[in-house]
Amino acid sequence: KNEVEQSPQNLTAQEGEFITINCSYSVGISALHWLQQHPGGGIVSLFMLSSGKKKHGRLIATINIQEKHSSLHITASHPRDSAVYICAVANFGNEKLTFGTGTRLTIIP
Amino acid sequence: GAGVSQSPSNKVTEKGKDVELRCDPISGHTALYWYRQRLGQGLEFLIYFQGNSAPDKSGLPSDRFSAERTGESVSTLTIQRTQQEDSAVYLCASSLVAGLTYEQYFGPGTRLTVT
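The present account deals with the structure reproduced in this document. (Residues numbered from 1 in each chain as written. Chains lettered and ligands numbered in written order. Predicted model: local features only at pLDDT ≥ 70, side-chain atom pairs only at ≥ 80, totals over all residues. Heavy atoms only, no water.)

**Observations regarding the side chain of B:Thr110**
Residues and elements named next belong to chain B.
Thought 1: Along the polypeptide, Thr110 turns up in strand E10 (residues 110–114).
Thought 2: Of note is the side chain of Thr110, whose polar atom sits 2.5 Å from the backbone oxygen of Pro8.
Thought 3: Among all residues touching Thr110, those that are not within four sequence positions of it are Gln6, Ser7, Pro8, Ser9, Leu21, Ala88, Val89 and Tyr90. (Helix = DSSP H or I, 4+ residues; strand = E, 2+ residues; numbered from the N terminus. Polar contact = N/O pair within 3.5 Å; in protein donor to acceptor, adjacent residues only side chain to side chain. Contact = heavy atoms within 4.5 Å.)

Right under this line is the structure:
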């Protein structure tokens, strides 16, 4: 079973700051997902990675397969970025996602 | 252009009662997943369906939980003889094809409270 750990658990920052959220996993994977869960509970898929780096607007996700580690970065953070960010991984040959416990991000105006 | 929809959005039930939760995936999506999120905890996989293949039920926590899917459309998650520990948000997601390289689209969830 893959163990997924995220850090930090909670993060409070000022508007405009550069944000980094980390995810580590224990077993080789076929894909890693970053999800965003808003206070109302809705979940949106942000990125799906199997290697390298992806960028979407102010969001950047990177993955290092050898180190079993991924980071989610937010540039020029904004209060609307306040949410829980969840990392999820899938093992090879397995359709099930294993989820981290999430990072609660609060951006203060 | 509807996304994934779930009903009801909230359900309060008495311990011991049966409940049915419904998920309507995005049209054309062959894969459908059910997840659970208990208060203060992370998401847990419950079950997934891919087309007409037998579903992967390995995440269901007990035999009180079951799910069905009609073809490649609506799915129903049934919890029999509900217990207080079943209280959670139940999330449904669909993707074009099963396979973790395909993006999953999540529904808004059903918040179940067992009293």
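Next comes the rest of the account.
**Details of the pattern of salt bridges**
Where charged atoms from two side chains of opposite charge approach closely, those side chains can pair.
All names here are of chain B.
Thought 1: A full pass over the atoms with the stated rule returns five salt bridges over all chains.
Thought 2: Notably, a salt bridge pairs Arg38 with Glu44, separated by 3.5 Å at the nearest N-O pair.
Thought 3: Measuring nitrogen to oxygen at the nearest pair gives 2.8 Å for the salt bridge that ties Arg64 to Asp86. Taken as a pair, Arg64 in the loop between strand E5 (43–50) and strand E6 (65–69) and Asp86 in the loop between strand E7 (75–79) and strand E8 (88–95) lie far apart in primary sequence, 22 residues in all. There is no split in this pair, since Arg64 and Asp86 are both buried.
Thought 4: Three or more residues joined by partner-sharing salt bridges are found here, namely Arg36, Arg38 and Glu44. (Salt bridge = Lys/Arg side-chain N within 4 Å of Asp/Glu carboxyl O. Buried < 20%, exposed > 50% of the residue type's maximum accessible area, 1.4 Å probe, protein only.)

**Some points on unusual backbone geometry**
Thought 1: With an omega of -10°, the peptide bond between A:Ser7 and A:Pro8 qualifies as cis.
Thought 2: Cis rather than trans, the peptide bond between B:Ser7 and B:Pro8 has omega equal to -10°.
Thought 3: Positionally, B:Pro8 belongs in the loop between strand E1 (5–7) and strand E2 (10–13).
Thought 4: A positive phi angle, close to 55°, is found at A:Lys68, a residue other than glycine.
Thought 5: On the secondary structure map, A:Lys68 appears in the loop between strand E7 (59–64) and strand E8 (69–74).
Thought 6: Positive phi is not limited to glycine here, since A:Ala76 has a value of about 45°.
Thought 7: With respect to the helices and strands, A:Ala76 occurs in the loop between E8 and strand E9 (83–91).
Thought 8: Note on A:Ala76: relative accessible area 47%, which makes it partly exposed.

**Section: the interface of chain A and chain B**
As a measure of interface size, the accessible area lost when the parts come together is often cited.
Thought 1: The interface is formed by 17 residues belonging to chain A together with 19 residues belonging to chain B.
Thought 2: In total, chain A and chain B occlude about 1500 Å² of area from one another, counting both sides; carbon and sulfur atoms represent 63% of this.
Thought 3: On the surface where chain A and chain B come into contact, there are zero salt bridges.
Thought 4: Linking chain A with chain B are one residue pair in polar contact (both at pLDDT 80 or more), by the criterion used here.
Thought 5: For the side of chain A that touches chain B, the secondary structure elements donating two or more residues are strand E4 (29–37), strand E5 (43–49), E9 and strand E10 (97–99) of chain A.
Thought 6: It is E4(A) that contributes the most residues to the side of chain A that touches chain B, five residues altogether.
Thought 7: Of the residues that constitute the side of chain A that touches chain B, the class distribution is eight nonpolar, seven polar and two charged. (Buried area = accessible area lost by both parts, 1.4 Å probe. Nonpolar A, V, L, I, M, F, W, Y, C, P; charged D, E, K, R; others polar.)

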